[in-house]
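# Analysis of the macromolecular model
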Amino acid sequence: MPAGSSAARSHSSPQLLSIGQVLARLNPEFPELSPSKLRFLEERQLVTPSRTESGYRKFSHADVERVRLVLSMQRDYYLPLKVIRSYLEDLDAGRDPVLPGGGAVPGPSMLPSERRLTRDELIREAGATTLLLGDAISASLIVPADHYGDEALAVLTALVELQRSGIEPRHLRGFRASAERELGLIETALIPVARRTDASSRAKAREMAREIAGQLEVVRSNLIRSALSKL
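In short, a report on the structure. (Residues numbered from 1 in each chain as written. Predicted model: local features only at pLDDT ≥ 70, side-chain atom pairs only at ≥ 80, totals over all residues. Heavy atoms only, no water.)

### Quick notes on helix H4 (residues 61–77)
Under the convention used in this document: Numbered from the N terminus, helices here are DSSP runs of H or I no shorter than four residues, and strands are runs of E no shorter than two. A helix's residues, less one, multiplied by 1.5 Å, set its expected span. Think of it in three bands: residues with accessible area under 20% of the maximum for their type are buried, residues over 50% are exposed, and the middle band is partly exposed, with areas taken using a 1.4 Å probe on protein chains only.
Its 17 residues give H4 an end-to-end C-alpha distance of 24 Å, which sits within 8% of 24 Å, the value for a rise of 1.5 Å per residue. Regarding H4, the residues found buried are Asp63, Val64, Val67, Val70, Leu71, Ser72, Met73 and Gln74. Positive backbone phi, at 55°, marks Tyr78, one or two positions downstream of H4.

See the structure below:
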């Protein structure tokens, strides 16, 4: 066999990554991702890396993008893993799935997932006013900061539209109280797991928290849709 044939074969075959290499790629965007989280996603059948003869996990580029999609759906939509798995199964089957509530997951973007906006940039991009941002902060709808991310931009943009319908931030003060009540429900449900201090239990607690939050969101959105149907 020619000396260069093995090298040519290695260049033509897809590059497989170790867990450490996957973390190096994804941790800048998802700092909480850990080896135990990756193993947890595999246990939930959300990603299926290949294995070496020695049993080490190896991730393809498609595996990495699948993990990125799962983590993005958790972070941006607070979906439980069960819903995400169903969504991925539909994608794998060639269907065009939608999220609970009728939304669709946007395709991958070359833009950074989280920007850092100054106060003035936030106001300008949202089409808001300084007064509206101040009211949103006073109503605890936006946390004051030196720089703001995409979540604050989404909230302020929504408040601009709500204001056009006569709904002001002061009318939404109950949203913060409602969120804190839901957080209390989640913390209570996590007590049995949160008592354990090992890394695996912490990862499991984070996943459970996201799943419970996602289920609460499904209930809330369905209640609102049901009420709207009676208008």
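After that view, the rundown keeps rolling.
### Some points on unusual backbone geometry
Among all residues save glycine, negative phi is the norm, and among peptide bonds the norm is trans. One non-glycine residue, Gln45, adopts positive backbone phi at about 65°. Inspection of the secondary structure assignment puts Gln45 in the loop between helix H3 (35–43) and strand S1 (50–51). Accessibility expressed as a relative area gives 58% for Gln45, which makes it exposed. Positive phi is not limited to glycine here, since Ser140 has a value of about 65°. For Ser140, the location among the structural elements is in the loop between helix H7 (130–138) and helix H8 (150–164).

### Quick look at the pattern of salt bridges
Close approach of charged atoms lets side chains of opposite charge pair. Basically, it comes down to this: Any Lys or Arg side-chain nitrogen found within 4 Å of a carboxyl oxygen on Asp or Glu counts as a salt bridge.
Per the counting criterion, the structure on display carries 8 salt bridges. The shortest N-O distance in the salt bridge between Glu29 and Arg75 comes to 4.0 Å. Taken together, the positions of Glu29 in the loop between helix H2 (19–26) and H3 and Arg75 in helix H4 put the pair 46 residues apart, joining distant regions of the chain. We classify Glu29 as partly exposed; its relative accessible area is 24%.

### What to know about the nonpolar core
Counted only if it meets this: By convention a nonpolar core is built from buried Ala, Val, Leu, Ile, Met, Phe, Trp, Tyr and Cys residues, the set being connected through side-chain atoms within 4.5 Å. Any two residues whose heavy atoms approach within 4.5 Å at even a single point are treated as in contact.
Within the largest apolar cluster, 23 residues are counted, with the highest numbers of intra-cluster contacts made by Leu38, Leu41 and Ile84. Elements supplying a minimum of two residues to this core: H2, H3, H4 and helix H5 (81–92). Looking at which element gives the most residues to this core, the answer is H4, with 5 residues. Setting aside its immediate chain neighbours within four residues, Ile84 contacts Leu46, Val70, Met73, Gln74 and Leu79. Ala128, Leu133, Leu156 and Val160 belong to the second largest nonpolar core, which has 18 residues in total.

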